[in-house]
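Structural description and commentary
This is what each chain is made of:
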Amino acid sequence: MSDKGLILDRFIPYRLSVTSNVVSDVISTAYEALFGLSIPEWRVIAVVAEQDGITQQAICTVTRMDKVTVSRATLALVDRGLIDRAPNSADRRSRLLALTDAGRRLYADVSPKAIEFEARIFSSFPADELDRFMTMLRAIEDRALEVGTL
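Cut-offs applied
- Every chain's residues receive numbers from 1 upward, in the order its sequence appears when written.
- Per-residue local features of the predicted model are confined to residues with pLDDT of at least 70, and side-chain atom pairs are confined, for both listing and counting, to 80 or more; whole-chain, interface and lining totals are unaffected and use all residues.
- To obtain the side-chain values, all non-hydrogen atoms of the structure were included, while hydrogens and water were left out.
- A run of DSSP states H or I qualifies as a helix once it reaches four residues; a run of E qualifies as a strand once it reaches two. Both are numbered from the N-terminal end.
- Here a residue-residue contact requires only that any non-hydrogen atoms of the pair lie within 4.5 Å.
- Accessible surface is estimated by sampling points in the Shrake-Rupley manner with a 1.4 Å probe; for residues, cover comes only from the protein chains shown.
- Charged-residue counts in this description rest on Lys and Arg as positive and Asp and Glu as negative, His and the chain ends being excluded.
- One atom stands in for each charge, and that atom is NZ of Lys, CZ of Arg, CG of Asp or CD of Glu.
- Any residue under 20% of the maximum accessible area for its type is buried, any over 50% is exposed, and the rest in between are partly exposed; the area is computed with a 1.4 Å probe on protein chains only.
- Whenever two N or O atoms come within 3.5 Å, that pair is a polar contact, provided that in protein one can donate a hydrogen and the other can accept it, and provided that, for residues adjacent in sequence, both atoms are side-chain atoms.
- Two rings belonging to Phe, Tyr or Trp (six-membered ring only in the last case) form a pair when the distance between their centres is within 6.5 Å. Interplanar angles under 30 degrees mark stacking, angles over 60 mark edge-to-face geometry, and anything in between is tilted.
- To form a nonpolar core, buried Ala, Val, Leu, Ile, Met, Phe, Trp, Tyr and Cys residues must be joined to one another through side-chain atoms within 4.5 Å.

Brief notes about the overall build of the protein chain
From N to C terminus, the protein chain includes six helices and two strands. What you see in the protein chain, going N to C, is helices and strands ordered as α-α-α-α-β-β-α-α. When the backbone C-alpha atoms are referred to their principal axes, the protein chain occupies close to 55 × 40 × 25 Å. Long-range pairs, those at least 24 residues apart, make up 51% of the contacts in the protein chain with a sequence separation of at least 6. When the accessible surface of the protein chain is totalled, it reaches about 10600 Å², and 56% of it is carbon and sulfur. In the protein chain, 19 side chains carry a positive charge and 21 a negative one; their mean positions are 5 Å apart.

In structure tokens form, the structure reads like this:
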């Protein structure tokens, strides 16, 4: 911040948001063209692939996506036959999500592309810088949650 007040382009929360949106937009265009998936749909598939039998509410918590976005993505994926919803004996109001065989095949196709996109974006950065960057991102997230609850 300067004596002139807020300069948006130097405001770190703004830069984080813009950078995240640019990366998501580039990846979203590719996922849509190659696989017919939106970013929220891909995130739901990826989380369900890692945590078979997860609820939509838990996906919201893990991804920080709002419940309407997760619900719409889940419904689209169920309609496409990529995700199944099963009763949740621990909470009858929610359903447990799992990938169908088609969902697992799609995940197996998209995963390498996701890793390839990540490599293309970050390949010019040294590994130790990327490790520090990931550490810093996690620390920023933790600190923001702390500050947000004060």
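Having seen the model, we can carry on.
As for unusual backbone geometry
Within the chain, R64 stands out as a residue other than glycine whose phi angle is a positive 65 degrees. Considering the arrangement of structural elements, one finds R64 in the loop between α3 (56-63) and α4 (67-79). Look at R64 and you get exposed, because its relative accessible area is 62%.

Some points on the environment of R10
Along the chain, the position of R10 falls in the segment before α1 (12-35). Between the C-alpha atoms of R10 and T55, which are 45 residues apart in sequence, the distance is 38 Å.

Looking at the side chain of T100
By secondary structure assignment, the location of T100 is in the loop between β2 (95-99) and α5 (101-122). At 3.1 Å, the side chain of T100 and the backbone nitrogen of G103 are in polar contact. Excluding residues that lie within four positions of it along the chain, T100 makes contacts with G81, L82, I83 and D84.

Concerning the packing of aromatic side chains
Under the definition given, this model contains four aromatic pairs. Here Y31 and F117 contribute two aromatic rings whose centre-to-centre distance is 6.0 Å and whose plane-to-plane angle is 55 degrees, an arrangement assigned as tilted. Taken as a pair, Y31 in helix α1 and F117 in helix α5 lie far apart in primary sequence, 86 residues in all. Taking relative accessible area as the criterion, Y31 reaches 3% and is therefore assigned buried. Look at W42 and Y107: their rings are 5.7 Å apart centre to centre, the planes differ by 20 degrees, and that puts the pair in the stacked class. Taken together, the positions of W42 in helix α2 (residues 39-50) and Y107 in helix α5 put the pair 65 residues apart, joining distant regions of the chain. Given the relative accessible area of 11%, W42 is considered buried. Ring pairing ties together the aromatic residues Y31, W42, Y107 and F117, which thus form one cluster.

Regarding the nonpolar core
With 26 residues, the main nonpolar core has Y31, L37, V44, I45, V48 and I59 as its most contacted residues. For this core, the secondary structure elements donating two or more residues are α1, α2, α3, α4, β2 and α5. For this core, the leading source of residues is α2, giving seven residues. When neighbours within four sequence positions are excluded, I59 is seen to be in contact with V44, V47, V48, I54, R64, M65, V70 and L97.

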